[in-house]
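Observations on the three-dimensional arrangement
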Amino acid sequence: MLYKKVKKIILESDASLEDKLFILLSGVAIAAMIIIFFVGIFIGESFTDLLMLGGAIVIAGLLSAFAVLSHKIGIMAGVFSFIIVFFLLPVTFFTGGGIYGGGPLWFLFAILFTSLTLKGALRKFFFVAQVLISFGCYGFAYHYPEYVTEHNTTVAYMDSFISLVLTMSAVSIMITFVLRLYKLENEKSQARKKEIEELNASQNHFFSSMSHEIRTPMNAIIGYTTLAQRDDTTFDELKSFLN
């Protein structure tokens with residue numbers, strides 16, 4: 001049921017572009033986190049990092065499902081963004097090796113997520129917040145490296161590479177989806193334009209026909225009236241006009 005509802009909202013409904021992108025990107029983010037979770041087990045990520053990532057997967061899944069089923073996608077997009085920006089990104093940055101892990105790449109994904117799923121002042125707020133939080137994470141990790149969970153060279157390279165591939169995949173999916181949406185909207189717009197043009201042509205034909213049908217008897221009436229108003233018109237002639 002959830003899958004069918006998601007598919008209907010994304011491809012068939014009149015929901016806003018932001019709502020459709022939220023559903024798509026939240027799904028991509030959850031899938032990416034699940035992949036990172038199992039890869040993290042394989043490459044020996046820290047228990048804290050895996051615990052935080054597992055909790056994030058559960059919370060993100062519940063929020064996304066609630067957003068779709070309750071039709072409160074706009075509100076949940078803000079809640080989702082808040083958790084990502086103020087909780088998930090900083091924690092995974094420090095528990096995932098800092099600049100030597102995949103954390104920095106997910107800052108990029110978070111910027112894309114909030115920019116595409118939020119609107120107006122809220123979008124600007126989260127953009128500024130992410131810039132400040134990323135600056136704070138880098139600065140704090142630089143001055144207090146002991147708070148960053150260290151990665152050995154192998155784990156650092158694998159974590160960074162996997163995060164890079166997943167981020168590129170997410171961006172590619174997002175761009176492909178947006179282009180498809182624009183194509184669908186353009187097709188709908190062209191179809192509506194064609195319907196309007198056909199309606200206008202039908203109306204013009206109708207009014208043209210009506211004008212001709214009305215003009216012909218009116219011309220006869222006007223002509224006979226003019227003849228009847230002549231001074232030399234006899235009663236018999238006037239009677240013949242009326243007949």
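Attention in this report is confined to the structure presented alongside it.

Scoring rules and cut-offs
- Along each chain, the written sequence defines residue order, and numbers are assigned to residues from 1.
- The predicted nature of this model means local features are confined to residues of pLDDT at least 70 and side-chain atom pairs, given and counted, to a pLDDT of 80 or more, with totals for whole chains, interfaces and linings taken over all residues.
- Note that water and hydrogens are dropped before the side-chain values are worked out from all heavy atoms of the structure.
- Nine residue types can take part in a nonpolar core, namely buried Ala, Val, Leu, Ile, Met, Phe, Trp, Tyr and Cys, and a core is a set of them joined through side-chain atoms within 4.5 Å.
- To sort residues, take the accessible area from a 1.4 Å probe on protein chains only and compare it with the maximum for the residue type: under 20% means buried, over 50% means exposed, and anything in between is partly exposed.
- What counts as a helix is a DSSP run of H or I of at least four residues, what counts as a strand is a run of E of at least two, and both are numbered from the N terminus.
- In this analysis, two residues are considered to be in contact whenever any of their non-hydrogen atoms come within 4.5 Å of each other.
- Only the contacting stretch of a helix is used when fitting its axis, a line to C-alpha atoms as for every element, and angles between N-to-C directions run 0 to 180 degrees.
- Note on terminology: angles under 35 degrees are roughly parallel, angles over 145 are roughly antiparallel, angles of 65 to 115 are roughly perpendicular, and the others are oblique.
- Lys, Arg, Asp and Glu make up the charged group, whereas Ala, Val, Leu, Ile, Met, Phe, Trp, Tyr, Cys and Pro make up the nonpolar group; the residues left over, Gly among them, are polar.
- What a helix should span is 1.5 Å times the count of its residues minus one.
- Polar contacts, as counted here, are pairs of nitrogen or oxygen atoms within 3.5 Å of one another; within protein the pair requires one atom able to donate a hydrogen and one able to accept it, and residues that are adjacent in sequence qualify only if both atoms are side-chain atoms.
- Patch definition: residues with relative accessible area over 30% and no salt bridge; like charges joined within 9 Å; nonpolar side chains (Val, Leu, Ile, Met, Phe, Trp, Tyr) joined within 5 Å.
- Here the Shrake-Rupley method, with its probe set to 1.4 Å, supplies the accessible areas, and only the displayed protein chains count as covering residues.
- The term salt bridge refers to a pairing of a side-chain nitrogen on Lys or Arg with a carboxyl oxygen on Asp or Glu at a separation within 4 Å.
- Aromatic rings from Phe, Tyr and Trp, taking only the six-membered ring of Trp, are treated as a pair when their centres fall within 6.5 Å; an angle between ring planes under 30 degrees marks them as stacked, one over 60 as edge-to-face, and anything in between as tilted.

**So, the nonpolar core**
Within the largest apolar cluster, 42 residues are counted, with the highest numbers of intra-cluster contacts made by Phe22, Met33, Phe80, Trp106 and Phe113. Per-element accounting of this core gives the leading share, ten residues, to helix 4 (residues 73-95). In this view, phenylalanine 80 contacts Phe22, Ser26, Ala60, Leu63, Ser64 and Phe113; residues no more than four positions away in its chain are not counted. Formed by five residues, the second largest nonpolar core is a distinct cluster that contains Leu21, Leu24, Phe177 and Val178.

**Looking at the packing of helix 5 (residues 103-117) against helix 6 (residues 120-143)**
Axis separation between helix 5 and helix 6 bottoms out at 9 Å; the angle between their running directions is 170°. Classified by the angle between their axes, helix 5 and helix 6 sit roughly antiparallel to one another. Only Arg123, Phe126, Phe127, Gln130, Ile133, Ser134, Cys137 and Tyr138 of helix 6 make contact with helix 5, whose side of the interface consists of Pro104, Phe107, Ala110, Ile111, Thr114 and Ser115. The residue inventory of the contact of helix 5 with helix 6, partitioned by class, reads nine nonpolar, four polar and one charged.

**Considering helix 6**
For helix 6, which comprises 24 residues, the first-to-last C-alpha distance of 35 Å matches the rise-based estimate of 34 Å (1.5 Å per residue) to within 8%. Residues Phe126, Ala129, Gln130, Ile133, Ser134, Cys137 and Ala141 constitute the buried set of helix 6. Those residues of helix 6 hidden inside the fold are in contact with helix 4 and helix 5.

**With respect to the side chain of serine 163**
Examined against the element boundaries, serine 163 turns out to sit in helix 7 (residues 153-228). Polar contacts involving the side chain of serine 163 include one to the side chain of tryptophan 106, which spans 3.3 Å. When neighbours within four sequence positions are excluded, serine 163 is seen to be in contact with Gly102, Leu105 and Trp106.

**Some remarks on the side chain of threonine 92**
With respect to the helices and strands, threonine 92 occurs in helix 4. A polar contact is formed between the side chain of threonine 92 and the backbone oxygen of leucine 88, at a distance of 2.7 Å. Polar side-chain contacts of threonine 92 include one of 3.2 Å to the backbone oxygen of leucine 89.

**Remarks on a nonpolar patch on the surface**
Judged by side-chain polarity, Phe82, Phe86, Leu122 and Phe125 come together as a nonpolar surface patch covering roughly 390 Å² of accessible area. Elements supplying a minimum of two residues to the nonpolar patch: helix 4 and helix 6. Turning to its location among the elements, leucine 122 is positioned in helix 6. On the basis of relative accessibility, which here comes to 39%, the residue leucine 122 falls in the partly exposed class.

**Topic: the packing of helix 4 against helix 5**
One can describe the packing of helix 4 onto helix 5 by two numbers: an axis separation of 11 Å at closest approach and a directional angle of 170°. Regarding the angle of helix 4 to helix 5, the classification is roughly antiparallel. From helix 4, Ala77, Phe80, Ser81, Ile84, Val85, Leu89 and Phe93 reach across to helix 5, where they touch Pro104, Trp106, Phe107, Ala110, Phe113, Thr114 and Thr117. When its residues are assigned to classes, the contact of helix 4 with helix 5 shows eleven nonpolar, three polar and no charged.

**Focus: the packing of aromatic side chains**
Per the stated rule, a full pass over the model turns up 15 aromatic pairs. With 6.3 Å between their ring centres and 70° between their planes, tyrosine 144 and tyrosine 147 make a pair best called edge-to-face. Among the aromatic residues, those joined into a ring-pair cluster are Phe93, Phe94, Phe107, Tyr138, Phe140, Tyr144 and Tyr147.

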